[in-house]
Amino acid sequence: MADRIFLPIDAAARSVGADAVANAFKDAGYEVVRTGSRGMLWLEPLAEIERDGKRVGFGPLTVAAASELAAQDFPENHATSLGPVEALDWMKAQSRLIFARCGVIDPLDLDMFEAAGGLKGLKAALARSPEEIVETITTSGLRGRGGAGFPAGIKLKTAAAQPGAEKYICANADEGDSGTFADRMLMEGDPGQLIAGMIIAGRAIGAETGYIYLRSEYPDAIRTLAAALKAWEDRGWLGEDILQSGQRFHIHLRRGAGSYVCGEESAMLESLEGKRGQVRAKPPIPAISGLFGKPTIINNVLTLASMPWILEHGGDAYAARGHERSTGTQAFQLAGNIRRGGLLELDFGISLERLVEDFGGGTLSGRPLRAVQLGGPLGAYVRADKLDVPMDYESLAANGAMLGHGGIVVFDESVDMAAQAEFAMEFCAEESCGKCTPCRIGAVRGRETLAKIRKGVDVSANLDLVEDLCTLMADASLCAMGGLTPMPVMSAIRDFPEDFEPRAQAREADVVE
Amino acid sequence: MSHHTDGIAEICAHYKDEPSALIEILHDVQARFGHVGDEAARDIAARLNITRADVQGVRSFYSDFTTAPASPARIKLCRAEACQAVGSEALAAALTARGIETEIVYCLGNCALGPAAMVQGRLIGRADADTLEDARAEALNG
Ligand SMILES: Cc1cc2nc3c(=O)[nH]c(=O)nc-3n(C[C@H](O)[C@H](O)[C@H](O)COP(=O)(O)O)c2cc1C
Ligand code: SF4
Ligand code: FES
């Protein structure tokens with residue numbers, strides 16, 4: 001009997017040739033099970049074959065290497081041989097609670113999902129009262145993974161307390177931050193975890209309808225999730241009488257359309273109502289008046305996907321992990337100019353330096369690392385000599401940075417920080433929803449002024465002007481788009497002043513060689 | 001009713017003429033006709049019982065929708081930070097030098113394997129000018 005080979009169908013793996021490798025194995029007579037990715041993206045396409053009950057890895061593969069492996073029956077001494085995957089340092093160090101099944105199961109094989117324990121959290125929730133669910137999530141200390149870190153339990157409690165039967169759960173799968181792909185990986189590798197999380201949140205607040213707002217830049221995730229929703233309905237795990245518990249919950253999948261600001265929760269609600277993605281003024285908060293004016297929970301994909309684990313193992317077990325007020329695990333995503341890029345799920349509190357150096361292996365180019373941008377396009381740039389900071393909400397805030405959605409983007413010495421600052425303003429100008437002046441006008445002026453600085457025009461006066469603009473944007477913007485754009489801009493100016501000096505273009509890094 | 005109008009009616013009916021589904025409807029129209037023209041905007045407005053200005057306002061807000069036919073073989077090239085860090089700007093310039101225009105997008109979720117691009121919904125990692133030119137040619141011929 002031919003061995004089974006496991007190979008990711010994750011979009012990142014496919015982007016570097018996983019489909020052709022899968023075909024090569026199929027041509028050689030193997031059964032190929034397409035899974036999510038383990039997150040070791042630099043090793044993709046990474047194939048695994050079962051040997052003595054363990055899954056043994058080979059990667060990164062080309063079609064030629066795959067044919068060779070097939071012909072030689074996967075020799076241990078092959079150049080791509082990695083040994084048992086779970087024993088790799090990258091895997092061993094992790095606490096994969098949310099990503100436990102990602103890379104292990106076929107995302108659309110419900111039997112495999114159930115056999116791997118996928119339904120336990122949902123079943124535990126269905127056996128508990130809504131109040132108990134809210135209590136458990138509150139005890140866990142779970143905070144929103146979309147960026148703001150707001151306690152998930154408080155939101156649930158607020159929405160649960162609202163009268164009326166029409167309430168909504170919205171999964172924010174807009175994942176617009178550069179350097180982040182955790183939501184995508186989970187939706188492509190273990191969509192059931194998100195679906196279960198939404199049902200649990202629905203039961204907690206008394207909502208029977210959910211929406212997933214999934215960005216159009218993720219066609220693979222859209223396909224997988226749509227198929228998963230259908231499979232769950234057909235199986236009786238989603239819909240009118242979930243697992244014969246009497247619980248009712250329906251989920252609709254909605255695509256985004258290329259707007260970054262639609263990841264902001266109120267703009268997302270507008271978009272879900274079929275409108276322009278303009279930010280709403282607060283109050284009211286969505287938990288009181290959200291989608292179609294009804295009480296609505298908006299949570300990031302990973303926040304919702306954390307709920308099944310918490311329900312299965314208890315709030316205290318989750319709270320026991322992590323660092324101080326940042327409980328549990330975080331999906332860290334290593335991106336940009338990094339030798340070993342990918343996703344790691346670890347307890348909060350690990351240092352940025354360990355992530356980038358030990359796990360990431362430094363820069364891809366081999367040139368010295370100069371800057372790291374944390375938390376997406378609205379996050380700060382951190383200097384290479386300041387990486388010794390614990391990765392949790394409070395420690396980062398104390399260092400003038402933020403975790404955001406867990407994206408870590410590495411730059412080598414060739415980066416021009418004045419260009420990055422200009423880009424931050426350009427991005428804000430491009431993606432601003434236009435509702436408030438500080439952001440709409442401020443970003444355009446900020447970009448113009450930074451362009452002048454880069455040309456060496458009135459540098460010191462123009463730097464003062466940028467600082468004033470940033471203060472205004474930070475203080476007076478309606479949402480964090482305009483409010484946080486000053487973060488990357490001012491961190492670049494403050495921590496990399498040499499790039500803003502006149503004739504910065506002729507910096508040493510560029511003239512040497 | 002024109003062939004075009006029929007197609008729009010069919011798409012709107014699939015969403016039960018529900019105004020909240022406007023963005024889904026625009027996606028389907030864009031996919032079917034290659035763009036969302038003024039005639040389509042008028043027909044959608046009529047079906048959903050909203051104003052033409054409403055439809056046009058939404059169409060113009062979202063970068064996925066175009067008013068003129070867009071080439072199905074166009075290259076979406078990520079210009080966001082993680083891809084900048086591995087040379088997406090230079091790649092864009094190299095493509096321009098070959099006479100190939102790219103559409104700017106911000107993040108395709110492939111930030112550990114940049115520069116990232118997308119052609120006809122297919123994600124491409126560690127992209128260079130040659131692979132993208134090939135992908136474009138394939139899309140044009142396929
Ligand atoms: C400009 C902007 C973009 C945002 N994009 C996202 C996003 O793509 N995904 C996300 O989960 N949250 C995003 N957020 C945060 C949401 O507004 C909101 O805080 C979050 O969805 C709440 O869920 P959580 O509590 O689970 O984090 C964004 C915020 C802003 C201001
Ligand atoms: S800060 Fe920018 S994105 Fe946010 S509401 Fe104001 S204009 Fe819109
Ligand atoms: S930044 Fe280019 S794919 Fe994410």
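Residues numbered from 1 in each chain as written. Chains lettered and ligands numbered in written order. Predicted model: local features only at pLDDT ≥ 70, side-chain atom pairs only at ≥ 80, totals over all residues. Heavy atoms only, no water.

**Student:** Quick question: what am I supposed to make of the overall build of chain A here?
**Tutor:** Looking only at helices and strands, chain A has 22 helices and 16 strands in total. For chain A, whose C-alpha radius of gyration is 23 Å, the value lies close to the compact-globule estimate of 24 Å for 513 residues. Counting only C-alpha atoms and orienting by the principal axes, one finds that chain A spans roughly 75 × 65 × 40 Å. Long-range contacts, defined here as pairs at least 24 residues apart, represent 70% of the contacts in chain A between residues at least 6 apart. Carbon and sulfur atoms form 49% of the exposed surface of chain A, whose accessible area is close to 18700 Å². On chain A, the mean spot of the 52 positive side-chain charges and the mean spot of the 71 negative ones are 4 Å from each other. (Helix = DSSP H or I, 4+ residues; strand = E, 2+ residues; numbered from the N terminus. Rg over C-alpha atoms; globule rule 2.2 N^0.38 Å. Contact = heavy atoms within 4.5 Å. Areas by Shrake-Rupley, 256 points an atom, 1.4 Å probe, with all protein chains shown as cover. Lys, Arg positive; Asp, Glu negative; His and termini not counted. Charge placed at Lys NZ, Arg CZ, Asp CG, Glu CD.)

**Student:** Looking at this model, I keep getting lost on the overall build of chain B. Mind explaining?
**Tutor:** On a plain count of helices and strands, chain B comes out with 7 helices and 4 strands. Its helices and strands in sequence order give chain B the pattern α-α-α-α-β-α-α-β-β-β-α, from N to C terminus. Overall size of chain B, expressed as C-alpha extent along the three principal axes, is 50 × 30 × 20 Å. Put simply, of all contacts in chain B between residues at least 6 apart along the chain, 61% involve residues at least 24 apart. About 6300 Å² of surface is accessible on chain B, with carbon and sulfur atoms providing 50% of the total. In chain B, the 13 positive side-chain charges and the 20 negative ones have mean positions that sit 1 Å from each other.

**Student:** How do you make sense of the site of ligand 1 when you look at a structure like this?
**Tutor:** Residues and elements named next belong to chain A. Taken together, 18 residues are adjacent to ligand 1, and G146, N172, N299, N300 and T303 come closest. For ligand 1, the accessible surface in isolation is 610 Å², of which the surrounding protein chains cover 91%. Among the elements of the structure, strand 9 (296-300) and helix 20 (480-484) are those that each provide at least two residues to the shell around ligand 1. Looking at the shell around ligand 1, the element that brings in the most residues is strand 9, giving 3 residues. When its residues are assigned to classes, the shell around ligand 1 shows 4 nonpolar, 8 polar and 6 charged. (Near = heavy atom within 4 Å. Nonpolar A, V, L, I, M, F, W, Y, C, P; charged D, E, K, R; others polar.)

**Student:** Quick question: what am I supposed to make of helix 4 (residues 52-61) of chain B here?
**Tutor:** Those residues of helix 4 of chain B that fall on the buried side of the exposure criterion are B:V55, B:G57, B:V58, B:R59 and B:F61. Residues of helix 4 of chain B that are buried sit in contact with helix 2 (22-33) and helix 3 (38-48) of chain B. (Buried < 20%, exposed > 50% of the residue type's maximum accessible area, 1.4 Å probe, protein only.)

**Student:** Is there a simple way to think about the domain arrangement of chain A in this case?
**Tutor:** How large an interface is tends to be reported as the accessible area lost when its parts come together. The domain architecture assigned to chain A consists of domain 1 (4-92), domain 2 (118-319), domain 3 (322-412) and domain 4 (417-512). Of note, the centres of domain 1 of chain A and domain 4 of chain A, computed from C-alpha atoms alone, are 45 Å apart. (Domains from an automatic or database assignment.)

**Student:** So what exactly am I meant to see when it comes to unusual backbone geometry here?
**Tutor:** With glycine set apart, most residues show a phi of negative sign, and most peptide bonds adopt trans. For the bond running from A:E44 to A:P45, omega is -5 degrees, close enough to zero to count as cis. Note that A:P45 resides in the loop between strand 2 (31-35) and strand 3 (47-51). Look at the link from A:K282 to A:P283: it is a cis peptide, with omega at -10 degrees. Its location among the elements puts A:P283 in the loop between helix 12 (265-272) and strand 9. With a phi angle near 55 degrees, A:D73 is a residue other than glycine that sits in the positive phi range. Backbone geometry places B:D17, a non-glycine residue, at a positive phi of 55 degrees. As for its position among the elements, B:D17 is in the loop between helix 1 (3-14) and helix 2.

**Student:** Please explain the pattern of salt bridges as it appears in this structure.
**Tutor:** Two side chains that carry opposite charge are able to pair once their charged atoms sit near each other. Residue and element names in this part refer to chain A. As enumerated under the stated definition, the model contains 45 salt bridges over all chains in all. Across the salt bridge formed by D220 and R14, the nearest N and O atoms sit 2.7 Å from each other. Taken together, the residues D220 in helix 11 (residues 219-235) and R14 in helix 1 (residues 11-15) connect sequence positions 206 residues apart. Classification of R14 as partly exposed rests on a relative accessible area of 26%. (Salt bridge = Lys/Arg side-chain N within 4 Å of Asp/Glu carboxyl O.)

**Student:** Please explain the site of ligand 2 as it appears in this structure.
**Tutor:** In the vicinity of ligand 2, 13 residues are found, and the nearest of them are A:S432, A:C433, A:C436, A:C439 and A:C479. Of the residues that constitute the shell around ligand 2, the class distribution is 8 nonpolar, 4 polar and 1 charged.

**Student:** What is the right way to read the packing of aromatic side chains from this model?
**Tutor:** Where two aromatic rings form a pair, the distance of their centres and the angle of their planes describe that pair. All names here are of chain A. As enumerated under the stated definition, the model contains 20 aromatic pairs over all chains in all. Between Y30 and F74, the ring centres sit 5.6 Å apart and the planes meet at 85 degrees, which makes this aromatic pair edge-to-face. Of this pair, Y30 sits in the loop between helix 2 (18-27) and strand 2 while F74 is found in the loop between helix 3 (63-71) and strand 5 (81-84), placing the two residues 44 residues apart along the sequence. The same class applies to Y30 and to F74, which are both buried. The rings of F25, Y30, F58 and F74 are connected pair by pair, giving a single aromatic cluster. Here the guanidinium or amino end of R55 rests over the ring plane of F6, the centre of that ring lying 3.6 Å away. When the ring centre of Y218 is taken as origin, the NZ or CZ atom of R215, which lies over that ring, is 4.8 Å away. (Phe/Tyr/Trp six-rings, centres within 6.5 Å; stacked < 30°, edge-to-face > 60°. Lys NZ or Arg CZ within 6 Å of the ring centre and 35° of its normal.)

**Student:** What is the right way to read the side chain of A:H78 from this model?
**Tutor:** All names here are of chain A. Mapped onto the secondary structure, H78 falls in the loop between helix 3 and strand 5. A relative accessible area of 10% means that H78 is categorised as buried. Side chain to side chain, H78 and E68 meet in a polar contact 2.7 Å long. Filtering out sequence-adjacent residues up to four positions away, H78 remains in contact with F58, A65, E68, L69 and Q72. (Polar contact = N/O pair within 3.5 Å; in protein donor to acceptor, adjacent residues only side chain to side chain.)

**Student:** Help me understand the sheet that holds strand 8 (residues 250-255) of chain A, please; the structure alone is not making it clear to me.
**Tutor:** Within a beta sheet, neighbouring strands are joined by backbone hydrogen bonds and run either parallel or antiparallel to one another. All names here are of chain A. Reading across from one edge, 8-7-6-9 is the order of the 4 strands in this open sheet, with parallel pairing throughout. Each end of this open sheet is capped by a strand with a single partner; those strands are strand 8 and strand 9. Each strand axis lies, on average, 20 degrees off the axis of its neighbour in the sheet, ignoring direction. Of the strand pairs in this sheet, strand 6 (residues 168-173) and strand 7 (residues 209-214) are connected by 6 bridges, and their pairing is parallel. From the neighbouring strand, N172 faces strand 7, where its bridge partner is Y213. Of the strands in this sheet, strand 6, strand 7, strand 8 and strand 9 are in contact with helix 10 (residues 191-205), which crosses strand 6 at around 150 degrees. (Pairing = 2+ DSSP bridges. Axes fitted to C-alpha atoms, helices over the stretch in contact; angles between N-to-C directions.)

**Student:** Sorry, what's going on with the sheet that holds strand 4 (residues 122-124) of chain B here?
**Tutor:** Residues and elements named next belong to chain B. Pairing within the open sheet is mixed, and its 4 strands lie in the order 2-1-3-4. Two strands in the sheet have a free side with no partner beyond their single neighbour: strand 2 (102-105) and strand 4. Pairs of neighbouring strands in the sheet enclose a mean axial angle of 30 degrees, with direction left out of account. Alignment of strand 1 (residues 75-78) against strand 3 (residues 117-119), held across 3 bridges, turns out to be antiparallel. Residue pairing for strand 3: I75 is matched across the bridge by V119. Along the sheet, helix 6 (residues 88-97) contacts strand 1 and strand 2; its crossing angle with strand 1, the most-contacted strand, is approximately 150 degrees.

**Student:** Is there a simple way to explain the environment of A:M40 in this structure?
**Tutor:** All names here are of chain A. Locating M40 in the fold gives a position in the loop between strand 2 and strand 3. Sequence separation between M40 and L344 is 304 residues; the distance between their C-alpha atoms is 8.4 Å. If we ignore the near neighbours within four places in the chain, the residues touching M40 are L46, V85, L88, W90, M91 and G341.

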